[in-house]
Amino acid sequence: TDVLEQQRIMDQVLAHAIVMAYPEQQWDNIPQTLESLALPPESREAIAQHLESPEPLDQLLQKLTPDFALPLVAQCQRLAQADGDVTADEQQLLDGLKAQLA
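**Quick notes on the overall build of the protein**
And step 1. When you go through the protein residue by residue, the secondary structure sums to six helices and zero strands.
And step 2. Each helix (α) and strand (β) of the protein, taken in turn from the N terminus, gives the series α-α-α-α-α-α.
And step 3. Taking 102 residues into account, the globule formula puts the C-alpha radius of gyration at 13 Å, and the protein, at 12 Å, falls close to it.
And step 4. For the C-alpha atoms alone, the extent of the protein along its principal axes is close to 35 × 30 × 25 Å.
And step 5. Looking at the protein as a whole, 39% of its 102 residues are labelled buried.
And step 6. Nonlocal contacts in the protein, meaning residues at least 24 apart in sequence, comprise 77% of its contacts between residues at least 6 apart.
And step 7. Accessible surface computed for the protein: about 5800 Å², of which carbon and sulfur atoms make up 51%.
And step 8. For the protein, the separation between the mean place of its 5 positive charges and that of its 17 negative charges on side chains is 5 Å.

Given below as structure tokens:
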């Protein structure tokens, strides 16, 4: 897969992570949340588009290469720990990403 495809997968995985980290968040407030992640504008737009209907997480993780999984682990960890409580869903996502590094 090429870099653009990997970026698309990363954006969708982040969409899952954001929904898990902010389950009560209103969709209108998500862009402000994304700004705090210091992502490029095109990634923020892609994530916003995928928030309501991202691809299934297991399919995304299968397509992710280790080179791209590594920075994603850090971003998802920051999101998961932002509220001081890592939920079971968030831990499952982190474990899935770490498995892609092996």
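**Some words on the nonpolar core**
And step 1. Residues Val-13, Cys-76 and Leu-97 are the most contacted members of the largest nonpolar core, which totals 29 residues.
And step 2. Elements that contribute at least two residues to this core include exactly helix H1 (3-21), helix H2 (30-35), helix H4 (57-63), helix H5 (66-81) and helix H6 (88-101).
And step 3. The element best represented in this core is H1, accounting for nine residues.
And step 4. Apart from the residues lying within four places of it in its own chain, the contact partners of Leu-97 are Val-13, Leu-61, Leu-64, Ala-69, Leu-72, Val-73 and Cys-76.

So, how was this worked out
Residues numbered from 1 in each chain as written. Predicted model: local features only at pLDDT ≥ 70, side-chain atom pairs only at ≥ 80, totals over all residues. Heavy atoms only, no water. Helix = DSSP H or I, 4+ residues; strand = E, 2+ residues; numbered from the N terminus. Rg over C-alpha atoms; globule rule 2.2 N^0.38 Å. Buried < 20%, exposed > 50% of the residue type's maximum accessible area, 1.4 Å probe, protein only. Contact = heavy atoms within 4.5 Å. Areas by Shrake-Rupley, 256 points an atom, 1.4 Å probe, with all protein chains shown as cover. Lys, Arg positive; Asp, Glu negative; His and termini not counted. Charge placed at Lys NZ, Arg CZ, Asp CG, Glu CD. Core = buried A, V, L, I, M, F, W, Y, C linked by side-chain atoms within 4.5 Å.

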